[in-house]
Amino acid sequence: MADEKYIQFVANYDDWVSIKKLKIEAVTDPRTIMEFLASLTTSTDAKIEANLRKIVDLAKVDKAIDELGLGKKDTGRALEEVGSRKVNAVINEVTDLPQFQKGEQKELQQFCKVYAMKKALKQCALEVDYTNVKIPGMKRLMKKKDKE
């Protein structure tokens, strides 16, 4: 029992109830592990974003990124613009919250920068996470997400 290998994730939080378990044996295909981890990453990334949205006004970050008017061939511009003074000013504005100390505000800024970069690169039609990978076990999850 002590040398069993497994990955286990349990979430029982607000509207998020998730139990994901994978027992890894000698015959476990690496693709199975990869799909399991991608599923977990997709789920946790969505919850990170949802909780960040509860803390800061991500709608302002969304607006700043949308105003860039990025498209398929704008990857270089996206990288430039997300690091620009304009986008950073919006991120600084939404994270300048008096209830947080400077270090906490800096952490929120980093989360917002990652969010902004992912959003900008997605607008350039780049795959920056695993949400669009068609994993057979995730079909139900993808249908639910599409309805939202």
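Notes on the structure in this doc start here. Quick caveat, the model's predicted, so the values are computed rather than measured.

Along the backbone of the protein chain there are six helices and two strands. Put simply, the protein chain runs from its N terminus to its C terminus through helices and strands in the order β-β-α-α-α-α-α-α. C-alpha atoms of the protein chain, sized along the principal axes, occupy 55 × 40 × 30 Å. Looking at the protein chain residue by residue over its 148 residues, the buried ones come to 31%. Of the roughly 10,400 Å² that the protein chain leaves accessible, carbon and sulfur atoms contribute 54%.

This part covers the environment of lysine 134. Turning to its location among the elements, lysine 134 is positioned in the loop between helix H5 (102–123) and helix H6 (139–147). You can call lysine 134 exposed: its relative accessible area is 69%. Taking the C-alpha atoms as reference, lysine 134 lies 26 Å from asparagine 51; in sequence the two are 83 residues apart.

With that settled, the discussion passes to the state of the cysteines. What makes a disulfide is a covalent bond joining the sulfur atoms belonging to two cysteines. Enumeration according to the criterion identifies zero disulfides in this entry. Free cysteine cysteine 112: the closest other cysteine sulfur is in cysteine 124, separated by 19 Å.

What follows concerns the nonpolar core. Formed by 22 residues in total, the largest nonpolar core has its most connected members in Leu52, Val56, Leu58, Val61, Ile65 and Cys112. Looking at which element gives the most residues to this core, the answer is H5, with six residues. Residues contacting leucine 58, with those up to four places away along its chain left out, are Glu49, Leu52, Arg53, Cys112 and Tyr115.

Right, let's talk about the packing of helix H2 (residues 58–66) against H5 for a bit. One can describe the packing of H2 onto H5 by two numbers: an axis separation of 10 Å at closest approach and a directional angle of 40 degrees. Between H2 and H5 the crossing geometry is right-handed. When H2 is examined against H5, the residues Leu58, Val61, Asp62, Ile65 and Asp66 are found in contact with a partner set consisting of Cys112, Tyr115, Ala116, Lys119, Ala120 and Gln123. Here the residues of the contact of H2 with H5 are counted per class, giving seven nonpolar, one polar and three charged.

Here we take up the pairing of strand E1 (residues 5–13). In this structure, E1 lies alongside strand E2 (residues 16–24), joined through nine bridges in antiparallel fashion. Bridge pairing links isoleucine 7 to leucine 22 in E2. The turn linking E1 back onto E2 is made up of two residues, and aspartate 14 within it adopts a positive phi angle of 45 degrees.

Conventions and cut-offs
- Throughout, residues of each chain are indexed from 1 in the direction in which the sequence is written.
- With the structure being a predicted model, the display of local features is reserved for residues of pLDDT at least 70 and the display and counting of side-chain atom pairs for 80 or more, all residues being used for whole-chain, interface and lining totals.
- Side-chain calculation: all heavy atoms of the structure are included, whereas hydrogens and water are not.
- A run of DSSP states H or I qualifies as a helix once it reaches four residues; a run of E qualifies as a strand once it reaches two. Both are numbered from the N-terminal end.
- Partly exposed residues are those whose accessible area sits between 20% and 50% of the maximum for their type, while under 20% is buried and over 50% is exposed, using a 1.4 Å probe and protein chains only.
- Under the convention used here, a 1.4 Å probe and the Shrake-Rupley method define accessible areas, while residue burial counts only the protein chains that appear.
- Cysteine sulfur atoms that pair up within 2.5 Å are treated as a disulfide.
- Only buried residues count toward a nonpolar core. Its members are Ala, Val, Leu, Ile, Met, Phe, Trp, Tyr and Cys residues joined through side-chain atoms within 4.5 Å.
- Any two residues having at least one pair of non-hydrogen atoms within 4.5 Å are treated as being in contact.
- Axis definition: a line fitted to C-alpha atoms, over the contacting stretch in the case of helices. Angles run 0 to 180 degrees between N-to-C directions.
- By definition, turning the near helix anticlockwise from the far helix through less than a right angle yields a left-handed crossing, and turning it clockwise yields a right-handed one.
- Three categories are distinguished: nonpolar for Ala, Val, Leu, Ile, Met, Phe, Trp, Tyr, Cys and Pro, charged for Asp, Glu, Lys and Arg, and polar for the others, with Gly belonging to the last.
- Only strands that DSSP links by at least two bridges are regarded as paired with each other.

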